[in-house]
Amino acid sequence: MRSRETARFHLLFVLIALYMLAGAAVFSSLERRAELEAHRLWDTRLRHFSHEYNISGEKLTSLLRHYEEARTAGIRTKPGRALWDIPGAFYFAGTVLSTIGFGVTAPSTGTGKVLLVFYGLLGCSATILFFDLFLERVITLMSSLLFRCRGRTGRLGPGGRASEGDKNEAPKPSVYHQVTLILFVVALLVTCGAAALYSAMEGWTYTESLYFCFVAFSTVGFGGFADQLTEEQIAEFVQMMTAK
């Protein structure tokens with residue numbers, strides 16, 4: 001028996017590795033060309049910007065490096081909410097404990113990084129346990145309600161036995177299958193509703209909002225919808241620095 005389980009374990013490992021290689025090949029073929037085009041476009045914009053404002057490429061690159069460090073620390077050219085006040089830190093803690101980790105906010109101090117390791121180990125374990133117990137209770141409640149509904153609507157013949165017509169009917173699906181279907185429908189409705197809300201609040205398309213909801217709800221958290229460095233932001237930053 002153990003040899004069979006070991007064989008299944010190794011087979012699963014090989015299948016996952018092959019699945020990852022297949023995914024890598026597909027995503028590389030889809031995204032690599034766009035990445036190269038983005039690099040080419042960015043280099044072109046930097047050259048044009050450097051020529052327009054009469055800034056050498058080395059100085060501009062150094063400025064952008066400092067700007068990236070400033071953005072990591074929460075500094076923006078336009079006033080916005082602080083990253084590390086109590087609400088911002090609470091949002092960060094939520095992304096850590098939920099294992100989403102968008103990457104928009106990250107500790108910059110060595111002490112904060114070390115603390116985050118132990119904080120995340122304990123917090124993520126407790127959160128996973130909580131959601132496991134919470135989902136177990138939700139499934140138990142829904143199963144109980146469905147059992148009651150089926151008991152009330154069930155048609156019984158004389159002596160409490162099922163009628164002949166019920167015996168000829170196709171068997172009803174399992175209650176747990178129904179619970180799974182209900183949870184799937186609820187998750188779908190929540191995703192669609194949240195996508196509509198994010199689309200209205202953030203100015204994204206509905207498709208982008210659906211993508212964001214999937215990334216968030218699946219706890220993948222790529223952070224692809226974080227603010228991006230644009231040419232207008234660079235110009236504003238250069239003007240702000242030259243004004244000083």
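All residue numbers refer to position in the chain's written sequence, counted from 1. Local features in a predicted model are, by the rule used here, given only for residues with pLDDT of at least 70; side-chain atom pairs are given and counted only at 80 or more, and totals for whole chains, interfaces and linings are based on all residues. The side-chain quantities take in all heavy atoms of the structure and omit both hydrogens and water.

Moving on: the UniProt feature "transmembrane region" (unreviewed entry) in the chain. If you check UniProt for "transmembrane region" (unreviewed entry), the listed places come out as residues 12-30, 88-107, 114-135, 175-198 and 210-226 in our numbering. Structurally, residues 12-30 comprises 100% helix and 0% strand, and the distance from its first C-alpha atom to its last is 27 Å. Where helices and strands are cited, they refer to DSSP runs of H or I of at least four residues and of E of at least two residues respectively, numbered from the N terminus. Between the end C-alpha atoms of residues 114-135 the distance is 32 Å, and the span holds 100% helix and 0% strand. UniProt positions are given in the numbering used here, feature names are shortened, and annotations may be inferred rather than shown by experiment.

This paragraph deals with the pattern of salt bridges. By definition here, a salt bridge exists when the distance from a side-chain nitrogen of Lys or Arg to a carboxyl oxygen of Asp or Glu is within 4 Å. Scanning all chains against the criterion turns up two salt bridges. Linking Glu 35 and Arg 32 is a salt bridge whose minimum nitrogen-to-oxygen distance equals 2.7 Å. One end of the pair is Glu 35 and the other is Arg 32, both in helix α1 (residues 2-52) and three residues apart, which spans about a single turn. Summary of the burial criterion: residues with accessible area below 20% of their type's maximum are buried, those above 50% are exposed, and those between are partly exposed, where the area comes from a 1.4 Å probe applied to protein chains only. Note on Glu 35: relative accessible area 36%, which makes it partly exposed. Relative accessible area serves as the criterion here: at 41%, Arg 32 is assigned to the partly exposed category. Among the salt bridges present, the one from Glu 37 reaches Arg 40, with a minimum N-O distance of 2.4 Å. One end of the pair, Glu 37, and the other, Arg 40, are both in helix α1, three residues apart, so they sit about a helical turn from each other. Taking the relative accessible area as the measure of exposure, Glu 37 reaches 40% and is therefore partly exposed. Judged by its relative accessible area of 45%, Arg 40 is partly exposed.

Moving on, we get to the environment of Phe 102. For Phe 102, the location among the structural elements is in the loop between α3 (86-97) and α4 (110-153). Exposure remark for Phe 102: the relative accessible area of 13% places this residue in the buried category. Linking Phe 102 and Ala 216, residues 114 residues apart in sequence, is a C-alpha distance of 8.3 Å. By definition in these notes, contact holds between two residues if any of their heavy atoms fall within 4.5 Å. Dropping the residues within four chain positions of it, Phe 102 is found in contact with Tyr 91, Thr 95, Phe 212, Ala 216, Gly 221, Phe 222 and Gly 223.

Glancing now at the packing of helix α6 (residues 175-202) against helix α7 (residues 206-217). The geometry of a pair of packed helices is captured by two quantities: the angle between their axes and the separation between those axes. The contact between α6 and α7 brings their axes to 8 Å, and the two run at 125°. Here α6 is positioned oblique relative to α7, judged by the angle of their axes. Considering the relative orientation of α6 and α7, their crossing is right-handed. Contacts between α6 and α7 involve Val 190, Thr 191, Cys 192, Ala 194, Ala 195, Ala 196, Tyr 198 and Ser 199 from the former and Tyr 206, Ser 209, Leu 210, Phe 212, Cys 213 and Phe 217 from the latter. Following the grouping adopted for this structure description, the nonpolar residues are Ala, Val, Leu, Ile, Met, Phe, Trp, Tyr, Cys and Pro, the charged ones are Asp, Glu, Lys and Arg, and the polar ones are all others, Gly among them. Of the residues that constitute the contact of α6 with α7, the class distribution is 11 nonpolar, three polar and no charged. Axes here refer to lines fitted to C-alpha atoms; in helices the fit is confined to the stretch in contact. Angles between the N-to-C directions go from 0 to 180 degrees. For this classification, under 35 degrees means roughly parallel, over 145 means roughly antiparallel, 65 to 115 means roughly perpendicular, and everything else is oblique. Handedness of a crossing follows from how the near helix is turned relative to the far one, being left-handed for an anticlockwise turn of less than a right angle and right-handed for a clockwise one.

Another point: α1. Given 3.6 residues to a turn, an α-helix orients residues that are three or four positions apart in the same direction. Compared with an ideal rise of 1.5 Å per residue, which puts 51 residues at 75 Å, α1 spans 71 Å between its outermost C-alpha atoms and is within 8% of the ideal. Note that the bend at a residue is defined as the angle between axes fitted to the seven residues ending at it and the seven residues starting at it. The largest bend in α1 amounts to roughly 35° and is located at Glu 31. Within α1, the full set of buried residues consists of Gly 23, Thr 44, Leu 46, Phe 49 and Ser 50. Just past α1, the residue Asn 54 takes up positive phi, approximately 55°. Between the first and last residue of a helix there are one fewer steps than residues, each counted as 1.5 Å, and that sum is the expected span.

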